[in-house]
Amino acid sequence: MEKAPLVALRGVVKRYGHVAAVKDLSLDIPEGSFTAIFGPNGAGKSTLLKILSNQTRPTSGEILYSGVPAAKLEDSFRSKFGVISHQPFVYDNLSAKENLEFYASLYGVKNAGARACELLKKVDLYTRRDDPVRTFSRGMLQRVSIARALLHDPAIIFLDEPYTGLDSVASASLTNILREQLEGRKTILMVTHDLKTGLELASRVVIMKKGRIIYFRERGEVDASAFESVYLEQAGGPEAAG
Ligand code: ADP
């Protein structure tokens, strides 16, 4: 029997009142893949990531993780998720290190202090480790958020516009971190407006519009030099880039 995909969506719909944010979406996500999800504002990208990472339930349809329906999922499987979203999920008055140690203890990570320091070095915040995060810039908070999401060495990483607020050095560092994660056979889904970086990392390319997947290709089938015009055509005019 063929192995079930790591994550499978079957006819997933998500409504907020009269707004259908995600409409009848089906998608298989194989282990070790990197799916880049592009699309204009309001396309349903963030909602899709929230559904996949179990932060919100679909109105109808099914999600299977290694063939197991989401409703029957053990907590141990949920702890395989790492999420980087628009909210940094940090406590303002705690230092960067204290924040990471707190999350490490929640996730049951051993040697929390050492693991926190290891990740703070990775995101280049080690020298600021004892400063309260309320004194951090947006980009620094984003780096804490990246470190927090990786603390427990998650098997599936969901990233919603993770490059927002990062300067070019921090952006390059995040790209390296993501490459490292892929080498470790992690499965990654990333929503981004950065077509170039998305294509550089992706093994599969998705464009969403109005709650649907309107474009899906394996990366090898995508001509990077022509992708921007393909994107603008598919997603609907220049305003789609935002
Ligand atoms: P994207 O990430 O592609 O910009 P979203 O998933 O954030 O799109 O939003 C898709 C649609 O769902 C939008 O019309 C948005 O206004 C709506 N939506 C998203 N989250 C909520 C919510 N919590 N309550 C009501 N409407 C929402």
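Residues numbered from 1 in each chain as written. Predicted model: local features only at pLDDT ≥ 70, side-chain atom pairs only at ≥ 80, totals over all residues. Heavy atoms only, no water.

Draft legend 1. Representation of the sheet that holds strand β2 (residues 19–29). Strands sit in the order β2-β1-β4-β5 across an open sheet of 4 strands; the sheet is antiparallel. On the outer flanks of this sheet lie β2 and β5 (68–69), each paired with one strand and no other. Packing of helix α1 (residues 45–52) onto the sheet brings it into contact with β1 (7–16), β2 and β4 (60–65), and relative to β1 it is tilted by some 125°. (Pairing = 2+ DSSP bridges. Helix = DSSP H or I, 4+ residues; strand = E, 2+ residues; numbered from the N terminus. Contact = heavy atoms within 4.5 Å. Axes fitted to C-alpha atoms, helices over the stretch in contact; angles between N-to-C directions.)

Draft legend 2. Summary view of the pattern of salt bridges. Per the stated rule, a full pass over the model turns up 9 salt bridges. Close ionic contact of Lys-122 with Glu-180 constitutes a salt bridge, the shortest N to O distance being 2.5 Å. One end of the pair, Lys-122, is in helix α4 (residues 112–122); the other, Glu-180, is in helix α6 (residues 168–183), and 58 residues separate them in sequence. Lys-122 sits in the partly exposed class, given a relative accessible area of 29%. Owing to a relative accessible area of 41%, Glu-180 belongs among the partly exposed residues under this scheme. The closest approach of N and O atoms between Lys-196 and Glu-200, which form a salt bridge, is 3.3 Å. One end of the pair is Lys-196 and the other is Glu-200, both in helix α7 (residues 195–201) and 4 residues apart, which spans about a single turn. What makes Lys-196 exposed here is its relative accessible area of 61%. For Glu-200, a relative accessible area of 41% translates into the label partly exposed. Salt bridges sharing common partners tie together Arg-179, Lys-196 and Glu-200. (Salt bridge = Lys/Arg side-chain N within 4 Å of Asp/Glu carboxyl O. Buried < 20%, exposed > 50% of the residue type's maximum accessible area, 1.4 Å probe, protein only.)

Draft legend 3. Just the packing of aromatic side chains, in detail. Taken as a whole and judged by the stated rule, the model has 10 aromatic pairs. Seen from their ring centres, Phe-38 and Phe-227 are 5.4 Å apart, and the 50° between their planes marks the pair as tilted. One end of the pair, Phe-38, is in strand β3 (residues 34–38); the other, Phe-227, is in helix α8 (residues 224–235), with 189 residues separating them in the sequence. By the burial criterion, Phe-38 is buried, and Phe-227 matches it. Aromatic side chains Phe-81 and Phe-158 sit 5.6 Å apart centroid to centroid with 80° between the ring planes, which places their arrangement in the edge-to-face category. Residue Phe-81 is located in strand β6 (residues 81–84), and its partner Phe-158 is located in strand β7 (residues 156–160); the two are separated by 77 residues in the primary sequence. We classify Phe-81 as buried; its relative accessible area is 7%. In this structure Phe-158 comes out as buried when scored by relative accessible area, which is 1%. Taken together through their ring pairs, the aromatic side chains of Phe-38, Tyr-215, Phe-227 and Tyr-231 make up a single cluster. When the ring centre of Tyr-126 is taken as reference, the NZ or CZ atom of Lys-121 above it lies at 4.6 Å. If you follow Arg-217 out to its NZ or CZ, it ends over the ring of Tyr-215, 4.4 Å from the centre. (Phe/Tyr/Trp six-rings, centres within 6.5 Å; stacked < 30°, edge-to-face > 60°. Lys NZ or Arg CZ within 6 Å of the ring centre and 35° of its normal.)

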